[in-house]
Amino acid sequence: MGKYKTQPNITHGRFDLSSEDGLQALLDTNHTDILLGFSCGKDSLATWLRLNDMGFNVYPWYEYYAPDLTFVRKNLKYYEDYFDVEIALYPHNNFLNRMYEGVFQTKQSQLVFERIGVPDIGRDDIQEDMISQYSLDKNTFSAIGMSAYDDVARYMFFKELGPVSYNKRRIYPIYDYKKSDIYNLIVESKVKLPGDYK
C-alpha cells in the first residue's frame, strides 16, 4: 500500500455517498496527493477549487486538441499563476487521430505516421505517466470533473458506480453539484473562466 495507511472504505454503487464523504475517505487514509484532468472548463475548474479547499496536493494535466495555440497557452498560464502549480501537457487522442488523417501536417510527415502508426493514449496512460513523472505513490487517485446533473447518462453512471472507484483510482469531487453550485463556487473564489468559454 505504499505510504497509505489503508484503502478507503468505500462501497461501489452507493448513490447516497456524498462527494465530500468520498474526498474525506481519501484524506482519512492519507491520500493527499491527487491527479486532475483539467480542461479549463467550469467543471474541472470547480473540481480543482474543491480539492484545494479540502487540502489536497493537486497535480493537473491538460490534453490539447492542437499544439501551442496562443489562447490555450494564455489560459493555462493564468491558472498556473492562480493555483501556483505547473500544468502538464499531453496530446488528446483526437489530436493524434487527426495527425494520422493528415491534419496539421505535410504529406511527407503523414506518410511517416501511416508507417509507424499512432499511439493510443488514454486516461490510464496519462495517469501512470503523471505518477512516474512526479514520483507519486502508485495508488494515487485521479479527480474528474463530472456531475450527475449533466444528463441522464451521467446520472445512471453515478447511480450504478458511485462517486469513487478504487479499482480505477478515480474520484468525482463535484458529482453531486448542480450547475448553480458549480458557478457559485467559481464566483466565490474570484477566479475567471476562459474568455473563449463564454
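What this report covers is the structure whose coordinates are included nearby. Treat the numbers as computed from the prediction; the structure is a model and nothing was measured.

Remarks on the environment of Pro-67
Thinking step 1. Mapping Pro-67 onto the fold places it in the loop between strand S2 (57-64) and helix H3 (70-83).
Thinking step 2. For Pro-67, a relative accessible area of 43% puts it in the partly exposed group.
Thinking step 3. With 23 residues separating them along the chain, Pro-67 and Tyr-90 place their C-alpha atoms 9.5 Å apart.

Points about the pattern of salt bridges
A side chain with one charge may pair with a side chain of the opposite charge, provided their charged atoms come close.
Thinking step 1. Overall, the coordinates contain seven salt bridges when judged by the stated rule.
Thinking step 2. Put simply, Lys-42 and Asp-43 hold a salt bridge, and the shortest N to O gap is 2.9 Å. Each member of the pair, Lys-42 together with Asp-43, is buried.
Thinking step 3. Across the salt bridge formed by Glu-128 and Arg-169, the nearest N and O atoms sit 2.7 Å from each other. One end of the pair, Glu-128, is in helix H6 (residues 123-133); the other, Arg-169, is in the loop between strand S5 (164-165) and strand S6 (170-171), and 41 residues separate them in sequence.
Thinking step 4. You can call Arg-169 buried: its relative accessible area is 13%.

Concerning the packing of aromatic side chains
Thinking step 1. Evaluation of the coordinates by the stated rule reveals 12 aromatic pairs.
Thinking step 2. With a centroid separation of 5.1 Å and 80° between ring planes, the pair formed by Phe-157 and Phe-158 is classed as edge-to-face.
Thinking step 3. Among the aromatic residues, ring-to-ring pairing joins Phe-38, Trp-48, Tyr-78, Tyr-79, Tyr-82 and Phe-83 into one connected group.

A word on the packing of helix H2 (residues 42-53) against helix H8 (residues 179-189)
When two helices pack together, their arrangement is captured by the angle between the axes and the distance separating the axes.
Thinking step 1. The interhelical angle for the contact between H2 and H8, taken along N-to-C directions, is 60°, at an axis separation of 9 Å. Both H2 and H8 take part in a crossing whose hand is left-handed. Between H2, through Lys-42, Asp-43, Leu-45, Ala-46, Leu-49, Arg-50 and Asp-53, and H8, the contact on the second element is made entirely by Lys-179, Ile-182, Tyr-183, Leu-185, Ile-186 and Ser-189.
Thinking step 2. The class makeup of the residues in the contact of H2 with H8 is seven nonpolar, one polar and five charged.

What about the sheet that holds S2?
Thinking step 1. Taken together, six strands build an open sheet; the order of strands is S3-S2-S1-S4-S6-S5 and the sheet is mixed. Every other strand in the sheet has two partners, leaving strand S3 (88-91) and S5 as the edge strands with one partner each.
Thinking step 2. Direction of pairing for strand S1 (residues 33-37) relative to strand S4 (residues 141-143): parallel, over a ladder of three bridges. Across the sheet, the residue bridging to Ile-34 is Phe-141, located in S4.

Focus: H6
Thinking step 1. Among the residues of H6, those classed as buried are Ile-126, Gln-127, Met-130 and Ile-131. Axial view of H6: buried residues confined to an arc of 135°, hence all on one face.
Thinking step 2. Elements in contact with the buried residues of H6: S1, S2, S3, S4 and S6.
Thinking step 3. Positive phi shows up at Ser-135, right after H6, with a value of about 55°.

Observations concerning a nonpolar patch on the surface
Thinking step 1. The grouping of Val-152, Tyr-155 and Met-156 at the surface amounts to a nonpolar patch, some 300 Å² of accessible area in total.
Thinking step 2. With respect to the helices and strands, the residue Met-156 is situated in helix H7 (residues 152-161).

Things to note about the nonpolar core
Thinking step 1. In terms of nonpolar packing, the biggest core is built from 32 residues, with Ile-34, Leu-45 and Tyr-79 touching the most fellow members.
Thinking step 2. Of all elements in the fold, only helix H1 (19-28), S1, H2, S2, H3, S4 and H8 reach the threshold of two or more residues within this core.
Thinking step 3. The dominant element in this core, judged by the number of residues it contributes, is H2, at five residues.
Thinking step 4. Sequence-distant contacts of Tyr-79, that is, excluding residues within four places in its chain, are made with Phe-38, Cys-40, Leu-45, Trp-48, Asp-84, Ile-87, Val-191, Lys-192, Leu-193 and Pro-194.
Thinking step 5. Grouped together as the second largest cluster of nonpolar side chains are eight residues, Trp-61, Tyr-90, Met-130 and Leu-136 included.

Looking at the packing of H2 against H3
Thinking step 1. At a minimum axis separation of 13 Å, H2 and H3 run at an interaxial angle of 15°. When the interaxial angle is binned, H2 and H3 end up roughly parallel. With respect to the hand of their crossing, H2 and H3 are arranged in right-handed fashion. Contacts between H2 and H3 involve Leu-45, Trp-48, Leu-49 and Asn-52 on the former and, on the latter, Tyr-79, Tyr-82 and Phe-83.
Thinking step 2. Per-class residue counts for the contact of H2 with H3 are six nonpolar, one polar and no charged.

Each value, and the rule that gives it
Along each chain, residue indices are assigned from 1 in the same order as the chain's sequence is written. Selection of residues for local features in this predicted model requires a pLDDT of at least 70, selection of side-chain atom pairs for listing and counting requires 80 or more, and totals for whole chains, interfaces and linings are taken over all residues. Calculated side-chain values reflect all of the structure's heavy atoms, with hydrogen atoms and water omitted. Put simply, DSSP marks the helices as runs of H or I at least four residues long and the strands as runs of E at least two long, and each gets a number from the N terminus on. Each residue is assigned to one of three classes by its accessible area relative to the maximum for its type, calculated with a 1.4 Å probe on protein chains only: buried under 20%, partly exposed between the two thresholds, exposed over 50%. The rule for a salt bridge is simple: a side-chain nitrogen of Lys or Arg has to be within 4 Å of a carboxyl oxygen of Asp or Glu. Pairing of aromatic side chains requires ring centres within 6.5 Å, counting the rings of Phe and Tyr and the six-membered ring of Trp. Pairs whose planes differ by under 30 degrees are stacked, by over 60 edge-to-face, and all others tilted. Interaxial angles span 0 to 180 degrees and are taken between N-to-C directions of axes, which are lines fitted to C-alpha atoms, for helices over the stretch in contact. Crossing handedness is read from the near helix: turned anticlockwise from the far helix by less than a right angle, it gives a left-handed crossing, and turned clockwise, a right-handed one. In this analysis, two residues are considered to be in contact whenever any of their non-hydrogen atoms come within 4.5 Å of each other. Nonpolar residues are Ala, Val, Leu, Ile, Met, Phe, Trp, Tyr, Cys and Pro. Charged residues are Asp, Glu, Lys and Arg, and all others, Gly as well, are polar. What makes two strands pair is DSSP finding at least two bridges between them. What the arc describes is the spread of directions from the helix axis to the C-beta atoms. The patches reported here contain residues having more than 30% relative accessible area and no salt bridge. Joining distances are 9 Å for like charges and 5 Å for nonpolar side chains (Val, Leu, Ile, Met, Phe, Trp, Tyr). For the accessible areas, the method is Shrake-Rupley and the probe is 1.4 Å, while residue cover comes only from the protein chains on display. Note on terminology: a nonpolar core comprises buried Ala, Val, Leu, Ile, Met, Phe, Trp, Tyr and Cys residues joined through side-chain atoms within 4.5 Å. Each angle is binned into one of four classes, with values under 35 degrees roughly parallel, values over 145 roughly antiparallel, values of 65 to 115 roughly perpendicular, and all other values oblique.

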